[in-house]
Amino acid sequence: MSLIKCKECGHEVSDTASVCPNCGAPVIKDIYCQKCGTRIPENIQYCPSCGARTGCPEKPRKDKIVAGLLAILLGGLGIHYFYMGKTTAGIISLILGLCSCYIWGLVMFAQGIFILTMSDEDFLAKYVDTDKSFPLF
């Protein structure tokens with residue numbers, strides 16, 4: 001066990017701590033790039049010096065085409081939201097689909113077409129890379 005400096009407030013923190021007791025920020029340890037030896041934070045995916053991939057795993061990506069087709073075919077049941085990890089929106093969509101005699105499915109059909117026609121960057125920004133679990137559109 002050793003002491004490291006908190007990246008946020010600069011106070012010394014145990015390297016086994018998960019958060020800084022002074023400011024509450026997550027404790028991020030430094031690692032060394034295996035290719036060039038540069039000291040880098042453990043939570044980045046690529047070395048800023050040489051571009052080599054570090055040990056930090058990438059978040060799994062969801063496929064835009066699968067999400068769009070699920071919205072078109074099973075949108076009234078909210079299946080595409082469950083696929084994208086948006087459980088709250090999926091449950092709300094399921095309830096709306098069942099209570100509206102599947103009229104909500106027509107709205108989700110339109111959303112499926114919208115998902116299929118948007119760019120990959122817009123899809124990731126709107127549906128996958130957000131921490132919000134509620135965007136219905």
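Here we summarise the structure given alongside this text. (Residues numbered from 1 in each chain as written. Predicted model: local features only at pLDDT ≥ 70, side-chain atom pairs only at ≥ 80, totals over all residues. Heavy atoms only, no water.)

Counting secondary structure elements, the protein contains five helices and four strands. For the protein, the sequential pattern of α-helices and β-strands runs β-β-β-β-α-α-α-α-α. Every one of the 137 residues in the protein was classed for burial, and the buried ones make up 31%. When the accessible area of the protein is evaluated, it comes to approximately 8,600 Å², of which 62% is carbon and sulfur surface. (Helix = DSSP H or I, 4+ residues; strand = E, 2+ residues; numbered from the N terminus. Buried < 20%, exposed > 50% of the residue type's maximum accessible area, 1.4 Å probe, protein only. Areas by Shrake-Rupley, 256 points an atom, 1.4 Å probe, with all protein chains shown as cover.)

Glancing now at a nonpolar patch on the surface. A contiguous nonpolar patch, built from Ile 65, Leu 69, Leu 73, Leu 74, Ile 79, Phe 82, Ile 91, Ile 95 and Leu 116 and spanning about 760 Å² of accessible area, is present on the exposed surface. Elements supplying a minimum of two residues to the nonpolar patch: α1 (64–74), α2 (79–83) and α3 (87–99). When residues of the nonpolar patch are assigned to their parent elements, the largest contribution, four residues, is made by α1. Mapped onto the fold, Ile 91 is located in helix α3. Judged by relative accessible area, Ile 91 falls into the partly exposed class, the value being 41%. (Patch = residues over 30% accessible without salt bridge, like charges linked within 9 Å, V, L, I, M, F, W, Y side chains within 5 Å. Salt bridge = Lys/Arg side-chain N within 4 Å of Asp/Glu carboxyl O.)

Attention shifts here to α1. All buried positions along α1 are accounted for by Lys 64, Ala 67, Gly 68, Leu 70 and Ala 71. Viewed end-on, α1 has its buried residues packed into an arc of 160 degrees, placing them on one side of the element. (Arc of directions from axis to C-beta.)

Right, let's talk about the nonpolar core for a bit. Membership of the largest hydrophobic core is limited to ten residues, which are Ala 67, Tyr 81, Met 84, Ala 89, Trp 104, Met 108, Ile 115, Met 118, Phe 123 and Tyr 127. Put simply, the parts of the chain that give this core at least two residues each are α4 (103–117) and α5 (120–128). A total of three residues in this core trace back to one element, the largest contributor, which is α4. Listed in part, the six residues of the second largest apolar core include Val 13, Ala 17, Cys 20 and Val 27. (Core = buried A, V, L, I, M, F, W, Y, C linked by side-chain atoms within 4.5 Å.)

Further remarks concern the packing of α1 against α4. Packing of α1 against α4 brings their axes to within 7 Å, and their N-to-C directions diverge by 160 degrees. By the criterion of interaxial angle, the relationship of α1 to α4 is roughly antiparallel. Of the two elements, α1 crosses α4, and the hand of that crossing is left-handed. When α1 is examined against α4, the residues Lys 64, Ile 65, Ala 67, Gly 68, Leu 69, Ala 71 and Ile 72 are found in contact with a partner set consisting of Met 108, Phe 109, Gly 112, Ile 113, Ile 115 and Leu 116. Split by residue class, the contact of α1 with α4 holds ten nonpolar, two polar and one charged. (Axes fitted to C-alpha atoms, helices over the stretch in contact; angles between N-to-C directions. Parallel < 35°, antiparallel > 145°, perpendicular 65-115°, else oblique. Left-handed = near helix turned anticlockwise from the far one by under 90°. Contact = heavy atoms within 4.5 Å. Nonpolar A, V, L, I, M, F, W, Y, C, P; charged D, E, K, R; others polar.)

Let's shift gears to the pattern of salt bridges. Within this structure, the stated rule accounts for one salt bridge. Two residues, Lys 64 and Asp 120, come together in a salt bridge whose shortest N-O distance is 3.4 Å. Taken as a pair, Lys 64 in helix α1 and Asp 120 in helix α5 lie far apart in primary sequence, 56 residues in all.

Along the chain, the position of Ser 93 falls in helix α3. For Ser 93, a relative accessible area of 0% corresponds to the buried category. Setting aside residues no more than four positions away along its own chain, Ser 93 makes contact with Gly 75, Gly 76, Gly 78, Tyr 81, Trp 104 and Met 108.

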